[in-house]
Amino acid sequence: MAAPMELSCWGGDWGLPSLHPESLTVMAYAKFSGAPLTVNTINNSWRTPKGDVPVLISEDIVISQPAKILNFLRKQKYNADYELSAKQGADTLAYIALLEEKLLPALLHTFWVEAENYCSVTKPWFASRIPFPLSLYLPGKMSREALNRILLTKGGPPLYSLSEVEAQIYRDAKECLNLLSKRLGTSQFFFGNTPTTLDAFVFGFLAPVYKVCFPRIQLQEHLKQLPNLCRFCDDILTCYFRLTVSDPALIISLQMDDNLRKSPQHPPRKLTTLKLAAGGEESPLNRLSP
């Protein structure tokens, strides 16, 4: 009998099972591959064994980071990619790298650095779910970490000002969305009629941008001009996620439901020129807001 597997992640809202892109990626892959995960929401990442989310626990094994979690699931014979060709596997890696390089910085900026979004949506949402007094500190820490990650990847020459960095990350993100839309075309998923790892990553990155109600929606507006990507997100939410509420936490069952068992599922088988923000420095929100 297989060992039980439990995934800890941030919770959801706006019709999403989680607002956290990396958590959404793992949850979607588990759905696609049929992995019997139990997903428990947490109210701060310090409660996880490795201080990060998502984190997968199976008996005495503790794994964090989506790529490592997905590799573990494949070793347990939950493989959503076993029908892909070598070329499709290489394309998967290339598109995931594109997402992380071109789309992730704008996603982080939208949630954690853009001042109006952070103050009116992101900070209140996370603070309401984090126990006092961590609620006074942890959202700001997450904002500084997001800014640091943006500057580490995008803050070098020739982008010498913060406004130039902002403009570039949104240009890159819109270009990435256009490429994804062109690649998806009229197909249901990126490699035909069966979802794979690439679909899980794209969904994890796009769904929060698509669904969360922000006052500043530059990236969301562009995404909504690409109806095939919006349909892609809606279809996955409709067909693959069923939420069940349990007090005190939201427990999301990732067992394959009756509708999915009747759908075409395949049986799994083995197979720095800018200064970074620090704790005592001026708020990144004051420096980076348009």
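Chemist: I tried to follow the overall build of the chain on my own but got confused; where do I start?
Modeler: What the chain contains, in helices and strands, is 11 helices and six strands. Buried positions account for 51% of the 290 residues belonging to the chain.

Chemist: Sorry, what's going on with the confidence of the model for the chain here?
Modeler: If pLDDT is low for a region, its predicted coordinates should not be looked at in detail. Looking at the chain as a whole, the pLDDT averages 81, with 77% of positions reaching at least 70. Confidence drops under a pLDDT of 50 for residues 243-290, and excluding neighbours within four residues, the segment shows 107 contacts in the predicted structure.

Chemist: Help me understand helix α2 (residues 66-75) in this model?
Modeler: What sets the pattern is the α-helix's 3.6 residues per turn: residues three or four places apart point alike. Within the span of α2, buried status applies to Pro-66, Ile-69, Leu-70, Phe-72, Leu-73 and Arg-74. In this structure, the buried side of α2 is in contact with β1 (5-10), α1 (21-33), β2 (37-42), β3 (55-58), β4 (61-64) and α7 (197-211).

Chemist: Can you help me understand the pattern of salt bridges in this one?
Modeler: Any two side chains of opposite charge can pair if their charged atoms end up close together. Evaluation of the coordinates by the stated rule reveals seven salt bridges. The residue Lys-87 makes a salt bridge to Asp-91 at a minimum N-O spacing of 3.1 Å. Taken together, the residues Lys-87 and Asp-91, both in helix α3 (residues 86-113) and four residues apart, mark about one turn of the helix. Between Lys-211 and Asp-234 there is a salt bridge; the shortest N-O distance is 3.2 Å. Of this pair, Lys-211 sits in helix α7 while Asp-234 sits in helix α9 (residues 227-240); the two residues are 23 residues apart in sequence, bridging distant segments of the chain. Relative accessible area serves as the criterion here: at 26%, Asp-234 is assigned to the partly exposed category.

Chemist: Can you walk me through the pairing of β3 in this structure?
Modeler: Along a regular strand, successive side chains alternate from one face of the sheet to the other. Sheet analysis places β1 next to β3, joined by three bridges and oriented antiparallel. Along β3, the bridge assignment pairs Glu-6 with Ile-57. In this sheet, β4 lies alongside β3 in antiparallel orientation, the contact comprising four bridges. Bridge pairing links Ser-58 to Ile-61 in β4. Where β3 hands over to β4, the hairpin turn is made up of two residues, of which Glu-59 adopts a positive phi near 55 degrees.

Chemist: In this structure, what is going on with helix α6 (residues 162-184)? I would like to understand it.
Modeler: Compared with the 33 Å implied by 1.5 Å per residue over 23 residues, the 33 Å span of α6 between its first and last C-alpha is a close match. What α6 keeps buried is the set Val-165, Glu-166, Ile-169, Tyr-170, Asp-172, Ala-173, Cys-176, Leu-177, Leu-180, Ser-181 and Leu-184. Once α6 ends, the next one or two residues include Gly-185, with phi positive near 60 degrees.

Chemist: It is not clear to me how the packing of α1 against α2 should be interpreted in this structure. Could you clarify?
Modeler: Relative orientation and spacing of two packed helices are given, respectively, by the angle between their axes and the distance between those axes. Running from N to C, α1 and α2 point in directions that differ by 15 degrees, and their axes come no closer than 10 Å. In this view, α1 runs roughly parallel relative to α2, as classed from their interaxial angle. In this structure, α1 meets α2 at a crossing whose hand is right-handed. Residues Glu-22, Val-26 and Tyr-29 of α1 form the contact with α2, whose own contacting residues are Pro-66, Ile-69, Leu-70, Leu-73 and Arg-74. When its residues are assigned to classes, the contact of α1 with α2 shows six nonpolar, no polar and two charged.

Chemist: I would appreciate a short explanation of the side chain of Ser-181 in the present structure.
Modeler: Counting through the fold element by element, Ser-181 comes out in helix α6. Taking the relative accessible area as the measure of exposure, Ser-181 reaches 13% and is therefore buried. A polar side-chain atom of Ser-181 sits 2.8 Å from a polar atom in the side chain of Asn-228. Contacts of Ser-181, omitting those with residues within four sequence positions, involve Leu-226, Asn-228 and Leu-229.

Chemist: Just to check I follow, could you spell out the packing of aromatic side chains for this structure?
Modeler: Counted by the stated rule, this structure contains 11 aromatic pairs. Ring geometry for Phe-189 and Tyr-240: centres 6.5 Å apart, planes at 70 degrees, overall edge-to-face. Linking Phe-189 in the loop between α6 and α7 with Tyr-240 in helix α9, this pair joins segments that are 51 residues apart in sequence. A single burial state applies to Phe-189 and to Tyr-240, both of which are buried. Linked through ring pairs, Trp-10, Trp-112, Tyr-118, Trp-125 and Phe-126 together constitute an aromatic cluster.

Reading the values: the criteria
Residues numbered from 1 in each chain as written. Predicted model: local features only at pLDDT ≥ 70, side-chain atom pairs only at ≥ 80, totals over all residues. Heavy atoms only, no water. Helix = DSSP H or I, 4+ residues; strand = E, 2+ residues; numbered from the N terminus. Buried < 20%, exposed > 50% of the residue type's maximum accessible area, 1.4 Å probe, protein only. pLDDT = per-residue confidence, 0-100. Contact = heavy atoms within 4.5 Å. Salt bridge = Lys/Arg side-chain N within 4 Å of Asp/Glu carboxyl O. Pairing = 2+ DSSP bridges. Expected span 1.5 Å × (residues − 1). Axes fitted to C-alpha atoms, helices over the stretch in contact; angles between N-to-C directions. Parallel < 35°, antiparallel > 145°, perpendicular 65-115°, else oblique. Left-handed = near helix turned anticlockwise from the far one by under 90°. Nonpolar A, V, L, I, M, F, W, Y, C, P; charged D, E, K, R; others polar. Polar contact = N/O pair within 3.5 Å; in protein donor to acceptor, adjacent residues only side chain to side chain. Phe/Tyr/Trp six-rings, centres within 6.5 Å; stacked < 30°, edge-to-face > 60°.

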